[in-house]
Amino acid sequence: MQIRADSGAARIGIEAIGLYVPRYYVPLRDLAVARGVDPDKYIKGLGQEEMAVPAPDEDVVTMGANAALEALADVDTASIDTLMFATESGIDQSKAAAIYVHHLLQLPKNCKSFEIKQACCGSTAALQMAMATVAQRPDRKVLIVAADVARYGLGTPGEPTQGAGAIAMVISNQPRVLALDAEWGAYTEDVMDFWRPNYLDEAVVDGKYSIKVYLKALTESWAQYVEESGRTFEQHDYFCYHLPFTRMAHKAHQHLSKWVGEVRPDNRRVQHSLVYNRRMGNSYTASLYVGLLSLLETAGADLTGQRVGLFSYGSGCMAAFFSGTVVPGYAAYVQKDRQAVQFDNRQRLTVEMYEAFYRHALPSDGRRYQTPAHETGVFRLSGVEGHKRLYECRAQSVHTRPLQPEVAIA
Ligand code: CAA
């Protein structure tokens, strides 16, 4: 599929981008010691140093709304035509997380709001749909929110690849960060590498197989992208790959480099995209775009005019390869001090505290329950009552009803 996105005035792309990272983390060295594993397996073998842990009063709605606050900081919310919420950690089988976010952000009544799912690739499906929306109605803007909690069983091989976070992006015909190219390659195959049946809180994963499918989907979607665009590997200055853990990007880059006949993969084209993921872990739908933001904010050089190749992989599986060019002036719309401001100020959890957060569950019998207050962003989940989630805005009251404190976790 081609959407004319890169020709002069008709450019479509990312006008604004925001990130939310939970305020708690566990060093993977501590987790390795607790699990009786050599820390180098997590740190060098998987390439992960820290894992973000959402507080009991956070979910994809609060994380997504908090990311959106940053993305919308200087965007007129009246211009938002559609809100697409991508997640595979949904909080309701019927009602979209987008509706809650629409309310928390007080978006216009005419703004369409819905949820999109295809594992980690849902955000990229939303991006392509957003481009089509803007191509059809250039006066409109689309807000994409991608939020997830990557959750595996305690003590399983997947545990060190957990994480959480959210990205929000405003897509319009006035890209200030990244102008997207028109050509996309896609790949779909019915495989069981990673999935989560409705009755489970943790993903089921065939880890080694998932890596194989990821790499196959990469070359398949790359091949179609090249056929459509005529671009060569060399015409891409940087690459951002979906990041379940950062070593996966090295495997992917090595695989693609070999595929195109490069003798040795140049890891400088990948390394800046890994900085944030290494400190927050997998965030499923948000992960690729966390990598993009990491590249833009930590490269330490002016990336204006540089073409970035992006690979999105969603288990099950659907994948997409696409690209974009960094827009002049982008530096004013990203935060180069984010590590110091957002990452370095998080609270370190012991493994016992992380396990208590992990085990916290909302009551499922409809009784009233107030979630204990932890460090969160502006929005938090204040409780549940009558099977309804209640959210509050710490800066101003948006959706809060007074609740009696009932249960507190350790
Ligand atoms: N020092 C240094 N390195 C070490 C080491 C040590 N002491 N011990 C092991 N390693 C290395 C291993 O050699 C291996 O590296 P290579 O892959 O280069 O060989 C690496 O550390 C991991 O070791 P294992 O392969 O033995 O690890 P594992 O089998 O216990 O688990 C995993 C790894 C399969 C990725 C597991 O964490 C998992 O299932 N994760 C969830 C699934 C996942 O992330 N899949 C990725 C593709 S699917 C996707 O991308 C979608 C998504 O978001 C989930």
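Residues numbered from 1 in each chain as written. Predicted model: local features only at pLDDT ≥ 70, side-chain atom pairs only at ≥ 80, totals over all residues. Heavy atoms only, no water.

The helix and strand tally for the protein chain stands at 11 helices and 18 strands. Along the first, second and third principal axes, the C-alpha atoms of the protein chain reach 60 × 55 × 40 Å. Counting over 410 residues, the protein chain shows a buried share of 58%. Nonlocal contacts in the protein chain, meaning residues at least 24 apart in sequence, comprise 74% of its contacts between residues at least 6 apart. Carbon and sulfur atoms form 49% of the exposed surface of the protein chain, whose accessible area is close to 16600 Å². Of note, the protein chain has its 42 positive side-chain charges centred 1 Å away from the centre of its 46 negative side-chain charges. (Helix = DSSP H or I, 4+ residues; strand = E, 2+ residues; numbered from the N terminus. Buried < 20%, exposed > 50% of the residue type's maximum accessible area, 1.4 Å probe, protein only. Contact = heavy atoms within 4.5 Å. Areas by Shrake-Rupley, 256 points an atom, 1.4 Å probe, with all protein chains shown as cover. Lys, Arg positive; Asp, Glu negative; His and termini not counted. Charge placed at Lys NZ, Arg CZ, Asp CG, Glu CD.)

Neighbouring the ligand are 24 residues, the closest being K41, P157, K208, R247 and K251. Between the ligand and K41, the relevant distance is 2.7 Å, taken from an oxygen atom to a side-chain nitrogen or oxygen of the residue. Within the side chain of R247, one N or O atom sits 2.7 Å away from an oxygen atom of the ligand. A total of 1100 Å² of accessible area belongs to the ligand in isolation, and the protein chains cover 74% of it. Put simply, the parts of the chain that give the shell around the ligand at least two residues each are helix 2 (39-45), helix 6 (207-229) and helix 7 (246-259). By residue number, the principal contributor to the shell around the ligand is helix 6, which donates 4 residues. Grouping the amino acids of the shell around the ligand by side-chain chemistry returns 10 nonpolar, 8 polar and 6 charged. (Near = heavy atom within 4 Å. Polar contact = N/O pair within 3.5 Å; in protein donor to acceptor, adjacent residues only side chain to side chain. Nonpolar A, V, L, I, M, F, W, Y, C, P; charged D, E, K, R; others polar.)

Turning our eyes to something else, we now look at the pattern of salt bridges. Summed over the entire model, instances satisfying the criterion amount to 27 salt bridges. In this structure, the salt-bridge partner of E50 is R279, at a minimum N-O distance of 3.1 Å. Placement of the pair is E50 in strand 3 (residues 50-53) and R279 in helix 8 (residues 275-280), with a sequence separation of 229 residues. Each of the two residues, E50 as well as R279, counts as buried. Among the ionic pairs, R338 bridges to E70, the shortest N-O distance being 2.7 Å. One end of the pair, R338, is in helix 10 (residues 338-343); the other, E70, is in helix 3 (residues 60-71), and 268 residues separate them in sequence. Judged by relative accessible area, which is 1%, R338 ranks as buried. Through salt bridges with shared partners, a single network forms among D81, K112, R137, D139 and R140. (Salt bridge = Lys/Arg side-chain N within 4 Å of Asp/Glu carboxyl O.)

Turning our eyes to something else, we now look at helix 4 (residues 97-104). Quick reminder: α-helices carry 3.6 residues per turn. Residues three or four places apart thus point the same way. Within helix 4, 6 of the 8 residues are buried, leaving the element largely enclosed by the surrounding structure. Every buried residue of helix 4 is accounted for by A97, A98, Y100, V101, H102 and L104. If you follow the buried residues of helix 4, they end up packed against helix 3, strand 4 (80-86), strand 5 (112-116), strand 17 (379-385) and strand 18 (388-393). The positive-phi residue at the C-terminal boundary of helix 4 is Q106, with phi of around 55°.

Before going further, it helps to examine the confidence of the model for the protein chain. Close reading of the predicted structure is inappropriate where its pLDDT is low. With 94% of its residues at a pLDDT of 70 or more, the protein chain shows a mean pLDDT of 94. Every residue in residues 1-9 scores below 50 in pLDDT, and together they form 31 contacts with partners more than four places removed in sequence or on other chains. With pLDDT under 50 throughout, residues 397-410 is counted as low confidence; its partners more than four residues away or in other chains account for 35 contacts. (pLDDT = per-residue confidence, 0-100.)

So, on to the packing of aromatic side chains. The final tally for this structure, using the stated rule, is 15 aromatic pairs. Ring centres of Y152 and F194 lie 6.0 Å apart, and the angle between their planes is 75°; this geometry places the pair in the edge-to-face category. Placement of the pair is Y152 in the loop between strand 6 (141-150) and strand 7 (163-172) and F194 in strand 10 (residues 194-195), with a sequence separation of 42 residues. As far as the burial class goes, Y152 and F194 line up, both buried. An aromatic cluster is built from W222, Y225, F233, F239, Y241 and F321, whose rings are joined through pairwise contacts. Over the face of the ring belonging to Y100 we find K95, whose NZ or CZ atom lies 4.5 Å from the ring centre. Above the face of the Y358 ring, R151 is positioned so that its terminal group lies 3.8 Å from the ring centre. (Phe/Tyr/Trp six-rings, centres within 6.5 Å; stacked < 30°, edge-to-face > 60°. Lys NZ or Arg CZ within 6 Å of the ring centre and 35° of its normal.)

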